[in-house]
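One-letter residues, chain by chain:
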Amino acid sequence: MIIIRGADGGIRAFANSCRHRGSQLLSGNGQCRRIVCPYHSWVYETDGQLIRAPGMEAAAGFEPDDYPLLEFPLASWGGFIFVCYEREPPPFENQIGNMPQMFDAHRTESMKFVGSLEFEIRSNWKLLVENALEAYHTGSVHRDTLGQQESRSIDSSEHWTGLLVEDENSVATLVGEDKPFPHIEGLGDEAKSGAYFTVLFPATQFVFAQDCMWWLAFQPQAVDRTRLTIGACFPRETVELDSFDEKVELYFNRWKLATAEDNRICELQQRGQVFAREPGRFAASEFAVHRFSNWVVEQLG
Ligand code: FES
Ligand SMILES: [Fe+2]
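Residues numbered from 1 in each chain as written. Chains lettered and ligands numbered in written order. Predicted model: local features only at pLDDT ≥ 70, side-chain atom pairs only at ≥ 80, totals over all residues. Heavy atoms only, no water.

*Asks:* Explain the overall build of the protein here, please?
*Replies:* In terms of helices and strands, the protein carries eight helices and 15 strands. Taken along its principal axes, the extent of the C-alpha atoms in the protein is 70 × 55 × 30 Å. By residue count, 44% of the 301 residues in the protein fall in the buried class. A fraction of 61% describes how many contacts in the protein between residues 6 or more apart in sequence connect residues 24 or more apart. Within the protein, one finds 27 positive and 43 negative side-chain charges whose respective centroids are separated by 6 Å. (Helix = DSSP H or I, 4+ residues; strand = E, 2+ residues; numbered from the N terminus. Buried < 20%, exposed > 50% of the residue type's maximum accessible area, 1.4 Å probe, protein only. Contact = heavy atoms within 4.5 Å. Lys, Arg positive; Asp, Glu negative; His and termini not counted. Charge placed at Lys NZ, Arg CZ, Asp CG, Glu CD.)

Rendered as structure tokens:
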């Protein structure tokens, strides 16, 4: 996909594929005035229109207007852009449900993205999503980093679920470490009491904490391999603090260590998916994993 803000200010999503013979057009992040295909130099405007197709004069009946980049519908909420691979998208509200109402007060749209981490994991993506949806494992897997956490269920509707990990401080740094940044102003009583670990199905996690938010994008690479990107966002006022660059290391340290622990356990679980395995029982505290598993079954029809 190409996600691009056009010269007209509009944000659009296009297939990252030239309308001639399908070369990939762009990679990475950045800016460009026009999109030029590296293969035969067809040129597209940032709104997707094909404006030059050199050497096509002799192609009978060829009209550049007939070959704009293929566009996909998108929606946005909270500073994030959601692209639909279907040409006729189901209403966005039917996907995201009550997530916007629930996390409005965290004001993620005015936060600043400050950095990301990447991991390659030898595990199916669903095991990682399940891991992201329960605190049952924290006392063993994160014994020395996060410690045992308590969680409770939250009201989610449509295609997401989550849990509230209770802690009046922030769980965004390691247990026993400093919690250096101010809490977001205007949070309700429930939001003040902990961090929401949510998954927008199928494979995007948003964590809404009292002092920041972070997201996990699980990208399946193969049946037993997943790429994970974690992105960190903080309120603008927090980022402007003199101590920010130094203190934010506490957060990145937590994301590195705890994520490595989660990844390791999911790789071990992947190795345990032997053919003779029979399904076990969920603990009551795995309510959100249960919800996700049922969602997967529903999608399979
Ligand atoms: S494939 Fe893009 S110009 Fe030929
Ligand atoms: Fe974990």
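*Asks:* Looking at this model, I keep getting lost on the sheet that holds strand β12 (residues 194-200). Mind explaining?
*Replies:* For sheets, the rule is that strands pair by backbone hydrogen bonds, running either parallel or antiparallel. With antiparallel pairing, the seven strands of this open sheet are ordered in space as β9-β15-β14-β13-β12-β11-β10. Edge positions in the open sheet fall to β9 (111-121) and β10 (151-153), since each of these has one partner strand only. Across the sheet, the mean angle from the axis of one strand to that of its neighbour is 20°, orientation sign disregarded. Sheet topology note: the β10/strand β11 (residues 160-166) ladder contains three bridges and is antiparallel. Across the sheet, residue R152 finds its bridge partner in β11, namely L164. On top of the sheet, helix α7 (residues 244-271) reaches β9, β12, β14 (213-222) and β15 (225-235); it is set at about 30° to β9, its chief contact. (Pairing = 2+ DSSP bridges. Axes fitted to C-alpha atoms, helices over the stretch in contact; angles between N-to-C directions.)

*Asks:* When you look at the pattern of salt bridges in this model, what are you seeing that I'm missing?
*Replies:* Close approach of charged atoms allows side chains with opposite charge to pair. Following the criterion strictly, the structure yields four salt bridges and no others. Residues R227 and E120 are paired through a salt bridge, measuring 2.7 Å at the closest nitrogen-oxygen approach. Separated by 107 residues along the polypeptide, R227 in strand β15 and E120 in strand β9 bring together distant segments of the chain. Salt-bridge contacts for R152 lead to E166; the nearest nitrogen and oxygen are separated by 2.6 Å. With a gap of 14 residues between them, R152 in strand β10 and E166 in strand β11 connect regions that are remote in the sequence. The class of R152 is partly exposed, set by a relative accessible area of 34%. (Salt bridge = Lys/Arg side-chain N within 4 Å of Asp/Glu carboxyl O.)

*Asks:* Hey, could you run me through the packing of aromatic side chains in this one?
*Replies:* Think of a pair of aromatic rings as described by two things: how far the centres are apart, and how the planes are tilted against each other in angle. Within this structure, the stated rule accounts for 26 aromatic pairs. Ring geometry for W77 against F208: centres 6.3 Å apart, planes inclined by 55°, an arrangement best described as tilted. With a gap of 131 residues between them, W77 in strand β7 (residues 74-77) and F208 in strand β13 (residues 204-208) connect regions that are remote in the sequence. One exposure class covers both W77 and F208, and it is buried. Ring centres of W125 and F292 lie 6.1 Å apart, and the angle between their planes is 75°; on these two criteria the pair is classed as edge-to-face. On the criterion of sequence distance, the pair formed by W125 in helix α3 (residues 125-131) and F292 in helix α8 (residues 287-300) is long-range, its members being 167 residues apart. Residue W125 shares its accessibility class with F292, and that shared class is buried. An aromatic cluster is present here, built from W77, F80, F82, F92, F103, W160, Y196, F206 and F208 joined pairwise through their rings. (Phe/Tyr/Trp six-rings, centres within 6.5 Å; stacked < 30°, edge-to-face > 60°.)

*Asks:* Explain the nonpolar core here, please?
*Replies:* Most often, soluble globular proteins keep nonpolar side chains buried together rather than apart. Counting 40 residues, the largest nonpolar core has W214, F234 and W255 as its most contacted members. Here this core takes six residues from α7, the largest share from any one element. When sequence neighbours within four positions are dropped, the list of residues in contact with W214 reads A172, F197, Q205, F206, V207, A209, I230, G231, A232, R254 and W255. (Core = buried A, V, L, I, M, F, W, Y, C linked by side-chain atoms within 4.5 Å.)

*Asks:* Quick question: what am I supposed to make of the domain arrangement of the protein here?
*Replies:* Interface extent is often summarised as the accessible area lost during association of the parts. Examined at the domain level, the protein breaks down into domain 1 (1-89) and domain 2 (99-274 + 283-300). The centre of domain 1, based on its C-alpha atoms, is set 33 Å off from the matching centre of domain 2. Contacts between the two partners involve five residues from domain 1, matched on the other side by 10 residues from domain 2. Between domain 1 and domain 2 lies a buried interface of about 600 Å² when both sides are counted; carbon and sulfur atoms form 82% of it. When the buried surface of domain 1 facing domain 2 is broken down by residue, W77, G78 and F80 rank first, second and third, together holding 82% of it. Here domain 1 is connected to domain 2 by zero salt bridges. Viewed at the interface, domain 2 and domain 1 are joined by two residue pairs in polar contact (both at pLDDT 80 or more). (Domains from an automatic or database assignment. Buried area = accessible area lost by both parts, 1.4 Å probe. Polar contact = N/O pair within 3.5 Å; in protein donor to acceptor, adjacent residues only side chain to side chain.)

*Asks:* Even after reading the chapter, I still don't get the environment of C266, so can you show me in this structure?
*Replies:* Here C266 lies in helix α7. Separated by 256 residues in the primary sequence, C266 and G10 place their C-alpha atoms 40 Å from one another. Setting aside residues no more than four positions away along its own chain, C266 makes contact with S123, L127, L128 and N131.

*Asks:* Got a minute to help me understand empty space enclosed by the protein in this structure?
*Replies:* The gaps of empty space that remain are located by a probe, the size of a water molecule, rolled over the atoms. Counted according to the given criterion, the structure contains one cavity of 30 Å³ or more. Quantified by volume, the largest cavity comes out at close to 300 Å³. If you go around the largest cavity, you meet 25 residues; those closest to its centre are N131, A132, F197, Q205 and D262. Counting only elements with at least two residues in the lining of the largest cavity, the list comes to α3, β11, β14, β15 and α7. Looking at which element gives the most residues to the lining of the largest cavity, the answer is α7, with six residues. For the lining of the largest cavity, the residue count by class is 14 nonpolar, eight polar and three charged. (1 Å grid on protein atoms, 1.4 Å probe; cavity = no way out; pocket = protein on both sides within 12 Å on 5 of 7 lines; lining within 4 Å. Points joined across faces, edges and corners; volume = space filled by probe spheres on them. Nonpolar A, V, L, I, M, F, W, Y, C, P; charged D, E, K, R; others polar.)

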